[in-house]
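Residue strings, one per chain:
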Amino acid sequence: QVQLVESGGGLVQAGGSLRLSCATSGRTYMSAVMGWFRQAPGKEREFVAALRWNGGDTSYADSVKGRFTISRDNAENTDYLQMNSLKPEDTAVYYCAVSLVGVILTIPRAYTYWGQGTQVTVSS
């Protein structure tokens, strides 16, 4: 069992930055993948970024590539999503999630454990 607690959302102007945190506790799976997803009102949940804990390889959605960076502090058992150059279309509830599949997948159903979500609002 893995517990995820997110923080760091808020309101920011376009062009600004936010850093989301996802603190993990419980059992640690070295083969796990941490993923970030987002869901805007009336839209499906979509993949944002992912990081494989063992190996460090990453993947990003085209819409955030070059602007968002996913990382992990193993000592703190915390993953981060640094979001720069934010746009109004980045407005959504952001979720962190853990997959035990062992490879990076971009579909929500591959992820077993989910955080509660944190709201990010980007004003124009």
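Refer to the structure above for everything that follows.
Within any chain, residue numbers begin from 1 and follow the written order of that chain's sequence. Reporting in this predicted model follows two pLDDT cut-offs: at least 70 for local features of residues, and 80 or more for side-chain atom pairs to be given and counted; totals over whole chains, interfaces and linings ignore these cut-offs and use all residues. Only heavy atoms go into the side-chain values, all of them from the structure, while hydrogens and water stay out.

Trainee: Help me out: how do you make sense of unusual backbone geometry in this one?
Mentor: Comment: phi is negative for the bulk of residues other than glycine, and the bulk of peptide bonds are trans. Within the chain, Asn-77 stands out as a residue other than glycine whose phi angle is a positive 50 degrees. Unlike most non-glycine residues, Ser-85 shows phi in positive territory, near 50 degrees.

Trainee: Help me understand the pairing of strand β4 (residues 33-39) in this model?
Mentor: Side-chain direction in a regular strand flips from residue to residue, so the side chains alternate between the two faces of the sheet. The buried label goes to any residue with under 20% of its type's maximum accessible area, the exposed label to any with over 50%, and the partly exposed label to all in between, with areas taken from a 1.4 Å probe on protein chains only. Runs of H or I in DSSP of at least four residues are treated as helices and runs of E of at least two as strands, each being numbered from the N terminus. In terms of burial, β4 is a largely internal element, six of the seven residues being buried. Connecting β4 to the next strand, strand β5 (residues 46-52), in antiparallel fashion are six residues, including Gly-42 with a positive phi near 75 degrees. Only strands that DSSP links by at least two bridges are regarded as paired with each other.

Trainee: Where do I start with the environment of Phe-37 in this structure?
Mentor: Following the sequence through the fold, Phe-37 ends up in strand β4. In this structure Phe-37 comes out as buried when scored by relative accessible area, which is 0%. Put simply, Phe-37 and Ala-50 are 13 residues apart on the chain and 8.8 Å apart in space, counted from C-alpha to C-alpha. Whether two residues touch is decided by their heavy atoms; if any such pair falls within 4.5 Å, the residues are in contact. Sequence-distant contacts of Phe-37, defined by excluding residues within four places in its chain, comprise Arg-45, Glu-46, Phe-47, Val-48, Val-93, Tyr-94, Tyr-95, Thr-106, Ile-107, Pro-108, Tyr-111 and Trp-114.

Trainee: What's the story with the state of the cysteines in this structure? I'm lost.
Mentor: Between two cysteines, a covalent bond joining their sulfur atoms is known as a disulfide. Criterion for a disulfide: a pair of cysteine sulfur atoms within 2.5 Å. All told, the structure shown has one disulfide when counted by the stated rule. Here Cys-22 engages in a disulfide with Cys-96; their sulfurs sit 2.1 Å apart. Taking the torsion about the S-S bond as the criterion, the Cys-22 to Cys-96 disulfide, at about 65 degrees, is right-handed. With Cys-22 in strand β3 (residues 18-26) and Cys-96 in strand β9 (residues 92-99), this residue pair connects regions lying 74 residues apart in the sequence. The same class applies to Cys-22 as to Cys-96, namely buried.

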